[in-house]
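Inside the fold
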Amino acid sequence: MYQRFIKAVVVPLFLLLLPYFAMQLTNHIKWSTFDFFVMALLLILTSLSINFALVYTQSLKKWLIIVIIVLLFLLLYTELAVGIFNSPFAGD
């Protein structure tokens, strides 16, 4: 159980290496420390939610819940990145 929790937290954080290295290669990507923190929080919560759904739900329900979790993650990420709903916390 503990090992599964560590994988659910650490593995998604490796995805943050992509924008970090991209920032080193180009000037088009400009993330602040706060951006990395928010994305880390989103990735960890998404990963833990998917892990929880995999462990504690049945087969058909499981995949429906995972699809909903991924869609919510993508919706929140796009709102924070470009502001598709023009909310107060929308990005540029």
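Described in the following lines is the structure provided in the data block.

**Regarding the overall build of the protein chain**
Per the secondary structure count, the protein chain includes 4 helices and 0 strands. Helices and strands appear in the protein chain in the N-to-C order α-α-α-α. Across the 92 residues in the protein chain, those meeting the buried criterion constitute 24%. For the protein chain, restricting intrachain contacts to residue pairs at least 6 apart in sequence, the fraction spanning at least 24 positions comes to 36%. With an accessible surface of roughly 7200 Å², the protein chain has 73% of that area assigned to carbon and sulfur atoms.

**Observations regarding helix 1 (residues 2-13)**
Relative to the 16 Å expected for 12 residues at 1.5 Å per residue, helix 1 spans 17 Å between its end C-alpha atoms, a close match to the ideal helical length. Those residues of helix 1 not exposed but buried are A8, V9 and P12. Seen from one end, helix 1 has its buried residues packed into an arc of 90°, which puts them on one side. Facing away from the buried side of helix 1 by more than 90 degrees, the exposed set consists of Y2, Q3 and K7. Elements in contact with the buried residues of helix 1: helix 3 (33-56).

**Thoughts on unusual backbone geometry**
Phi at N86 takes a positive value of approximately 55°, unusual for a residue other than glycine. Following the sequence through the fold, N86 ends up in the segment after helix 4 (59-82). Accessibility expressed as a relative area gives 70% for N86, which makes it exposed.

**A few points about the packing of helix 1 against helix 3**
The description of two packed helices rests on the angle between their axes and on the distance between the axes. Where helix 1 contacts helix 3, the axes come no closer than 9 Å and their chain directions differ by 145°. Remark: the crossing between helix 1 and helix 3 carries right-handed chirality. Between helix 1 and helix 3, the contacting residues are R4, F5, A8, V9, P12 and L13 on the first element and A40, L43, I44, S47, L48, N51 and V55 on the second. Classifying every residue of the contact of helix 1 with helix 3 by side-chain character gives 10 nonpolar, 2 polar and 1 charged.

Rules and cut-offs
- The residue numbers shown here count from 1 along each chain, following its written sequence.
- Where totals are concerned, whole chains, interfaces and linings use all residues; where local detail is concerned, this predicted model gives features only for residues with pLDDT of at least 70, and gives and counts side-chain atom pairs only at 80 or more.
- Heavy atoms throughout the structure, all of them, feed into the side-chain values; hydrogens and water do not.
- Elements are defined by DSSP. Helices are runs of H or I of four residues or more, strands are runs of E of two residues or more, and each kind is numbered from the N terminus.
- Whether a residue is buried, partly exposed or exposed follows from its accessible area with a 1.4 Å probe, protein chains only, as a fraction of its type maximum: under 20%, in between, or over 50%, in that order.
- Working rule for contacts: check all heavy atoms of both residues, and any pair within 4.5 Å makes them a contact.
- Using the Shrake-Rupley algorithm and a 1.4 Å probe, accessible areas are obtained, with residue cover drawn only from the displayed protein chains.
- Helix span, as expected, comes to 1.5 Å for every residue beyond the first.
- To obtain the arc, one takes the directions from the helix axis to the C-beta atoms.
- Orientation is described by axes fitted as lines to C-alpha atoms, over the contacting stretch for helices, and by angles from 0 to 180 degrees between their N-to-C directions.
- For a crossing to be left-handed, the near helix must be turned anticlockwise from the far one by less than a right angle; the clockwise case is right-handed.
- Think of it as three bins: nonpolar holds Ala, Val, Leu, Ile, Met, Phe, Trp, Tyr, Cys and Pro, charged holds Asp, Glu, Lys and Arg, and polar takes everything else, Gly as well.

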